[in-house]
Amino acid sequence: MFKIALCQKPGSTIKTTEECKADNIVIAEKMIEEAAAGGAQIIVLPEIWNAPYSNKAFPPFSEPEGGHTWQIMSGWAKKHGVYLVGGSIPEIDGDKYYNTCYVFDREGRQIAKHRKAHLFDINVPGKISFKESDVLTPGTPMPVFDTEYGKMAVAICFDVRFADFIRKAAIDGGAKLIFLPAAFNMTTGPAHWDVTMRVRAMDNQIFFAACAPARNVNASYVSYGNSCVVDPWAEFVAHADETPQVLFADIDFDRIDQIRDQLPIVTGRRPELY
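Residue numbers run consecutively from 1 along every chain, following the written order of its sequence. With pLDDT at 70 or above as the cut-off, local features in this predicted model cover only qualifying residues; side-chain atom pairs require 80 or more to be listed or tallied, and sums for whole chains, interfaces and linings still use all residues. For the side-chain quantities, the full set of heavy atoms in the structure was used; hydrogens and water were omitted.

**Quick look at the pairing of strand E14 (residues 236-239)**
- Pairing geometry for strand E13 (residues 228-230) and E14, over three bridges, is antiparallel. Residue pairing for E14: Val230 is matched across the bridge by Phe236.
- Adjacent in sequence and paired antiparallel, E13 and E14 are bridged by five residues, among which Ala234 carries a positive phi angle near 70°. When DSSP finds two or more bridges between two strands, those strands count as paired. What counts as a helix is a DSSP run of H or I of at least four residues, what counts as a strand is a run of E of at least two, and both are numbered from the N terminus.

As structure tokens, this is what we get:
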């Protein structure tokens, strides 16, 4: 049994790059301190937590691996002796931009990195139009990383729409808990957020933890919020509303074996047929 905490911090409003980053870092640090004080061994930040979620913002806010925000996240992990799933931040590598999550161990060492593999290109007439691929480059396979509790993995937001992508990490990679920094909006969130997180946990009989920005109606992109943790039976272990908060959840990996014994979805697969 171990405890995780999802930091549902507010989405960003447009300021100067320096002001916005500084404000976001102060808010995130306070939430991480609250999470650590509450006994969390693993702390999670949301998608694009240090910048506005905007194609215009991605290039000026981007940093290389090992940059300022990377150093701060590494320091938080080491200071509090926790694993930190660093949400995601805009990354620059050469002339390309990525939506990137870094994962740090208790010593502040980077143990995993994921560049969002499936970019969010959406056009729902009259509601929302957004095309990440106008600026960002699609990234990498989902990394599976080891902890003393077991194997875990991290994906980013739109990655969750692709069942085979999640299954590869859970079944082939052996991940028992998948973290998803994500920012569903006010169109896709009410329609798909809860059901998507539940079905990914249920189909793979794993724990699933989705960490979103809190809703900020003054932001250019309004997040649905509703960070949640789902168990292998597709039941919510913890569920936030839309407001800023630190959401705690206790994780017991023995639950996975119990559910897989009761309902043999994973062990009953016949991949030779499909």
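**Topic: empty space enclosed by the protein**
- Buried and open spaces are told apart on a 1 Å grid over the protein atoms alone, a cavity being a set of points where a 1.4 Å probe fits but cannot get out and a pocket being an open set with protein on both sides within 12 Å along at least five of seven lines. Residues with an atom within 4 Å of a point are the lining residues. Grid points are joined across faces, edges and corners, and a volume is the space filled by probe spheres set on the points. Taken as a whole and assessed by the stated rule, the structure comprises one cavity of 30 Å³ or more.
- Considered as a void within the structure, the largest cavity measures approximately 80 Å³ in volume.
- As for the largest cavity, its lining consists of Gly11, Ser12, Glu47, Ile48, Ala51, Pro52, Tyr53, Ala183, Pro213, Ala219, Tyr221 and Ser223.

**Re helix H4 (residues 163-172)**
- Burial status follows relative accessibility: with a 1.4 Å probe on protein chains alone, a residue under 20% of its type maximum counts as buried, one over 50% as exposed, and anything between as partly exposed. Turning to H4, its buried residues number three or more, namely Phe165, Ile166, Ala169 and Ala170. The arc enclosing the buried residues of H4, seen along the axis, measures out at 125°, which places them on a common side. Exposed residues lying more than 90 degrees from the buried face of H4 are Asp164, Lys168 and Asp172.
- The criterion used for residue contact is that any of the two residues' heavy atoms lie within 4.5 Å. On its buried face, H4 sits against strand E6 (110-115), strand E9 (144-147), strand E10 (150-154), strand E11 (177-181), helix H5 (188-204) and strand E12 (207-211). By arc we mean the arc of the directions from the helix axis to the C-beta atoms, nothing more.

**Side note on the packing of aromatic side chains**
- We call Phe, Tyr and Trp rings a pair once their centres come within 6.5 Å, taking the six-membered ring for Trp, and we label the pair stacked below 30 degrees between planes, edge-to-face above 60, and tilted otherwise. All told, the structure shown has 13 aromatic pairs when counted by the stated rule.
- Each ring, one from Tyr53 and one from Tyr221, has its centre 4.5 Å from the other, and the planes form 35°; the classification is tilted. Placement of Tyr53 in the loop between strand E2 (42-44) and helix H2 (58-61) and of Tyr221 in the loop between E12 and E13 is noted, with a sequence separation of 168 residues between them.
- Residue Tyr53 is classed as buried on the basis of its relative accessible area of 7%.
- A residue is classified by how much of its surface remains accessible, and Tyr221, at 10% relative accessible area, is buried.
- Where Phe184 meets Trp193, the ring centres are 4.9 Å apart and the plane angle is 85°; that geometry is what we call edge-to-face.
- Accessibility expressed as a relative area gives 4% for Phe184, which makes it buried.
- A connected cluster of aromatic rings, assembled from ring pairs, spans Tyr53, Phe58, Phe120, Phe130, Phe158, Phe162 and Tyr221.
- By definition here, charges over rings are those cases where NZ of Lys or CZ of Arg is within 6 Å of the ring centre and within 35 degrees of the ring normal. The positively charged end of Arg115 is found above the aromatic ring belonging to Tyr98, 3.8 Å away from the centroid.

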